[in-house]
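Structure assessment
So you can see what is in the structure, the chains are spelled out below.
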There are 2 protein chains.
Amino acid sequence: MTILHQAITAGALSLPQPYLLFLGDAAERGYAKTALGLADWAGDRCVGEFVLPECTVTTGLARMTPAEAHARGARSLLIGVANIGGVIPERWLGALVEALEAGLDLVSGLHERLSDIPVLAKEAARLGRQLIDVRSPPPGIPTGSGRKRSGKRLLTVGTDCALGKKYTALALAEGIRARGVAADFRASGQTGIMIAGAGMPMDAVVSDFLAGAAELLSPDAADDHWDVIEGQGSLFHPAYAAVSLGLLHGSQPDVFVVCHLPGRETIMGMPQFPIPSIRAVIDQTIALGSLTNPAIRCAGISLNTAALDAAAAEAEIAALAEAYGLPVADPVRGGPALERLIDSCLA
Amino acid sequence: MTILHQAITAGALSLPQPYLLFLGDAAERGYAKTALGLADWAGDRCVGEFVLPECTVTTGLARMTPAEAHARGARSLLIGVANIGGVIPERWLGALVEALEAGLDLVSGLHERLSDIPVLAKEAARLGRQLIDVRSPPPGIPTGSGRKRSGKRLLTVGTDCALGKKYTALALAEGIRARGVAADFRASGQTGIMIAGAGMPMDAVVSDFLAGAAELLSPDAADDHWDVIEGQGSLFHPAYAAVSLGLLHGSQPDVFVVCHLPGRETIMGMPQFPIPSIRAVIDQTIALGSLTNPAIRCAGISLNTAALDAAAAEAEIAALAEAYGLPVADPVRGGPALERLIDSCLA
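Residues numbered from 1 in each chain as written. Chains lettered and ligands numbered in written order. Predicted model: local features only at pLDDT ≥ 70, side-chain atom pairs only at ≥ 80, totals over all residues. Heavy atoms only, no water.

Per an unreviewed UniProt entry, chain A goes by DUF1611 domain-containing protein and derives from Sphingomonas lycopersici.

What follows is the structure, given as structure tokens:
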């Protein structure tokens, strides 16, 4: 296994698309969060949905069998439903085998690995299909080299976890492309990888290879091409700062955008740790990021104002822009503020 | 396997001691570096050495068979010899099986895993012996909690890899104990783990669990007890800084000692990256370490003067002590300078 891994050319994970979204027997939308997110963010790369008879949830995409999806070009069945404990229940297995028989690979982000389920391992081997666990890093990741790569890089960083780093990176990549500038969203977490169809599950990489994994995620590119890299965690997170630092060092960003959620006072799930100031995040990101890119700079701030009404959001954005002398925008609200943030990134 | 792992109470790796040191067919001392280091640093926990007829190297310990070693109390055979590529050659297998049959577990730090060799896996299962790969982290590591633990902690940090962080931690732990203060050396790398008989291979831990692994390595202790933790890498290393940061955050050190090798100008193997100044390492360690221990302080500098004669070493130590206003010592040379460094750690 080790030898096989080393023989493969190293690279980020790559998922076979388009997808057929599997909703299983979901009876509540909360359990189908992954499928619903995929339909929203990558609807053009989803041919439809596939459900068990008990399912009462829909993504709004056409319902079809794996064979029908395969005929329409689908290359994989993506498990878009979560179960308590992240396991794959026995009642799904018939449907999953049906997908393998129809010519589809399987893609999962659940805790339980597809290849640990004997019937799936056996059928996939017999039919020559892939079982892809998005939580498993690809083989052959090298240690970091520190070598400067060609092309431009933007990294979203945060004052905490789960406050908009993925969404901001997706919106900035889209906004940059809308100006006719080549840009790729580079996913560093499971949901992002499913949306992009490729990426690197940074939190699952063995620590010695973190910077090397980030280097693989944004390879050499044309000089005017932008990689917009989804950030992870926070340099001020007592559990996950190491993941953030490995991603920062390996990404060598030219530009970063700080993501923040006004009103969150302490690190999520860790009430004894206050949220750092945006200033502290800017200073620390520059101090640490300059090791692999001395030209690193902060392009602005992405503010998650989902909990505020329009007037309050605008006031908060204006106050922060004044305080920091930087462009501030909520990418969900878009508008001129977002355009100014993109201007600053590309400047 | 996953379920089994979760059922085990989480903790650092623990190796069965005392050891019988296996030198295989080593014909050069360089290949037997691990065994020679063990004999030097943990000679009191090695009952002897076991060799193949072709071996021309000795640790100086008594030669004996696995059965003789078992009769003298040995609990494991430690593979103290390295092979090109880190593999276990077929010509060792008879000797390794002999050790299993004699009642010894096997301990290895080689790249190839013991349990991936069918005859060893089969014989170990049949006889109820353990196959312990020191490169494999123990099961059940949690994510970091950031919770403040009782007891005192000292961490060695460095301007680079491979310049004396393990040696310094071993010498400081010994020096603290010599004053009648309770202290444990906490190993974070493979050689250190073999010497201590326990520890955490930080560089092999999945990145999400780095800080949690460091928290396990130095658990709650008596208020006047010192854990002296072996550092890894450097916060200024473009490939390994994440490992250093996870270890720093999880260790919550009260005190750190900066290890430095005068004359090394660039990061080992990365000539484009200059070695940071000791001042930069002190400032960055305080800036980042204060997240989980706001009282963190630098106790002094450990200087590796192996390449200097006594007079030059003394001059270098005096100059640095003057420049930084901190105790500076080479733990290998010991003497009053080392005692002053220990004073500063315990202050």
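**Quick look at the domain arrangement of chain A**
In many analyses, interface size is given as the accessible surface area lost on bringing the parts together. All names here are of chain A. Heads up, the condition is: Each domain span listed reflects an automatic or database assignment of domains. What makes two residues a contact is simply this: any of their non-hydrogen atoms within 4.5 Å. Buried area, as used here, totals the accessible surface that two parts lose on assembly, with accessibility defined by a 1.4 Å probe and the loss added over both. For this document, the term salt bridge refers to a Lys or Arg side-chain nitrogen within 4 Å of an Asp or Glu carboxyl oxygen. N or O atoms within 3.5 Å of each other form a polar contact, as long as, within protein, one can give a hydrogen and the other can take it, and as long as residues adjacent in sequence are counted only when both atoms are side-chain atoms. Strands here are runs of E lasting at least two residues and helices are runs of H or I lasting at least four, both read from the DSSP assignment and numbered beginning at the N terminus. Residue classes follow a fixed rule: Ala, Val, Leu, Ile, Met, Phe, Trp, Tyr, Cys and Pro count as nonpolar, while Asp, Glu, Lys and Arg count as charged, and any other residue, Gly among them, counts as polar.
Assigned domains of chain A: these are domain 1 (12-133) and domain 2 (152-346). For domain 1 and domain 2, the distance between their C-alpha centres works out to 30 Å. Domain 1 puts 15 residues into the contact, and the matching count from domain 2 is 12 residues. Both faces combined, the contact of domain 1 with domain 2 buries some 1100 Å², and carbon together with sulfur accounts for 69% of it. Ranking the residues of domain 1 by area buried against domain 2 places Ala12, Leu13 and Trp41 at the top, with a combined share of 52%. Where domain 1 packs against domain 2, one counts 0 salt bridges. Our count for the contact surface shared by domain 1 and domain 2 stands at 4 residue pairs in polar contact (both at pLDDT 80 or more). Every element with two or more residues in the side of domain 1 that touches domain 2 is listed here: strand S1 (13-14), helix H2 (33-41) and strand S5 (105-108). With 3 residues, the single largest contributor to the side of domain 1 that touches domain 2 is H2. Among the residues forming the side of domain 1 that touches domain 2, the class breakdown is 9 nonpolar, 5 polar and 1 charged.

**A short note on helix H12 (residues 335-346) of chain A**
Residues and elements named next belong to chain A. Here is the rule: Here, expected helix span is obtained from the residue count minus one, scaled by 1.5 Å. Throughout, exposure labels follow a simple rule: accessible area from a 1.4 Å probe, protein chains only, divided by the maximum for the residue type, with under 20% read as buried, over 50% as exposed, and the rest as partly exposed. Here the arc refers to the directions that run from the helix axis out to each C-beta atom.
The end-to-end C-alpha distance of H12 is 17 Å, a good match for the 16 Å that 12 residues give at a rise of 1.5 Å each. Taken residue by residue, H12 has Ala337, Leu338, Leu341, Ile342, Ser344 and Cys345 as its buried positions. Seen end-on, H12 carries its buried residues on one side only, within an arc spanning 160°.

**A short note on the packing of helix H6 (residues 165-178) of chain A against H12(A)**
All names here are of chain A. Selection rule: Axes here mean lines fitted to C-alpha atoms, for a helix over just the part in contact, with angles spanning 0 to 180 degrees between N-to-C directions. The labels follow the angle: roughly parallel below 35 degrees, roughly antiparallel above 145, roughly perpendicular from 65 to 115, and oblique for the rest.
With their axes 10 Å apart at the nearest point, H6 and H12 run at an angle of 80° to one another. Relative to H12, the element H6 is oriented roughly perpendicular. Contacts from Leu172, Gly175 and Ile176 of H6 reach H12 at Leu338, Leu341, Ile342 and Leu346. Here the contact of H6 with H12 is built from residues that sort into 6 nonpolar, 1 polar and no charged.

**Focus: the sheet that holds strand S3 (residues 46-51) of chain B**
Within a sheet, adjacent strands bond to each other through the backbone by hydrogen bonds, running parallel or antiparallel. All names here are of chain B. As a reminder of what qualifies: A pair of strands is considered paired only if DSSP assigns at least 2 bridges between the two.
Across the sheet, which stays open at both edges, the 5 strands sit in the order S3-S2-S4-S5-S6 with parallel pairing between neighbours. One side of each edge strand has no neighbouring strand; the edge strands of this open sheet are S3 and strand S6 (131-133). For this sheet, the mean angle separating the axes of adjacent strands, direction not counted, is 25°. Pairing between strand S2 (residues 19-24) and S3: 5 bridges, direction parallel. Pairing of phenylalanine 22 across the sheet is with phenylalanine 50, part of S3.

**Some details on the relation of the copies chain A and chain B**
So the rule is basically this: Superposition of the copies used a least-squares fit over C-alpha atoms from residues whose pLDDT is at least 70 in both.
Screw-axis analysis of chain A against chain B gives a translation of 0.0 Å along the axis, an RMSD of 0.1 Å, and a rotation angle of 180°. Taken together, the rotation and translation describe the operation of a two-fold axis. Of the interface residues in chain A, 100% have counterparts in chain B that sit at the interface too, so the contact is made through matching surfaces.

**Here we look at the UniProt feature "domain: D-glutamate N-acetyltransferase-like N-terminal" (unreviewed entry) in chain A**
Our working rule: UniProt positions are given in the numbering used here, feature names are shortened, and annotations may be inferred rather than shown by experiment.
Residues annotated in UniProt with the feature "domain: D-glutamate N-acetyltransferase-like N-terminal" (unreviewed entry) correspond here to residues 60-137 of chain A. End-to-end, the C-alpha atoms of residues 60-137 of chain A are 32 Å apart, and along that stretch the chain is 32% helix and 14% strand.

**A few points about the UniProt feature "domain: D-glutamate N-acetyltransferase-like C-terminal" (unreviewed entry) in chain A**
Per the UniProt entry, the sites bearing "domain: D-glutamate N-acetyltransferase-like C-terminal" (unreviewed entry) are residues 144-336 of chain A in this numbering. As annotated, residues 144-336 of chain A has a helix share of 36% and a strand share of 20%, and its two end C-alpha atoms lie 39 Å apart.

**Thoughts on the packing of helix H9 (residues 241-251) of chain B against helix H10 (residues 278-289) of chain B**
All names here are of chain B. Quick note on the threshold: Two helices crossing with the near one rotated counterclockwise from the far one by less than a right angle form a left-handed crossing, whereas a clockwise rotation gives a right-handed crossing.
With their axes 10 Å apart at the nearest point, H9 and H10 run at an angle of 55° to one another. Comparing their axes, H10 and H9 come out oblique. The handedness of the crossing between H9 and H10 comes out as right-handed. Counting all contacts with H9, which are made through Leu245, Leu248 and His249, the residues of H10 involved are Thr285, Leu288 and Gly289.

**Some words on the interface of chain A and chain B**
Residue-level contacts link 37 residues of chain A with 37 residues of chain B. Contact with chain B buries area across many residues of chain A, yet A:Ser207, A:Asp208 and A:Leu291 alone supply 19% of it, more than any other trio. Between chain A and chain B we count 8 residue pairs in polar contact (both at pLDDT 80 or more) in total. Among the elements of the structure, helix H1 (2-7), helix H8 (210-217), helix H9 (241-251), strand S13 (270-274) and helix H10 (278-289) of chain A are those that each provide at least two residues to the side of chain A that touches chain B. For the side of chain A that touches chain B, the leading source of residues is H9(A), giving 6 residues. Of the residues belonging to the side of chain A that touches chain B, the class tally is 20 nonpolar, 14 polar and 3 charged.

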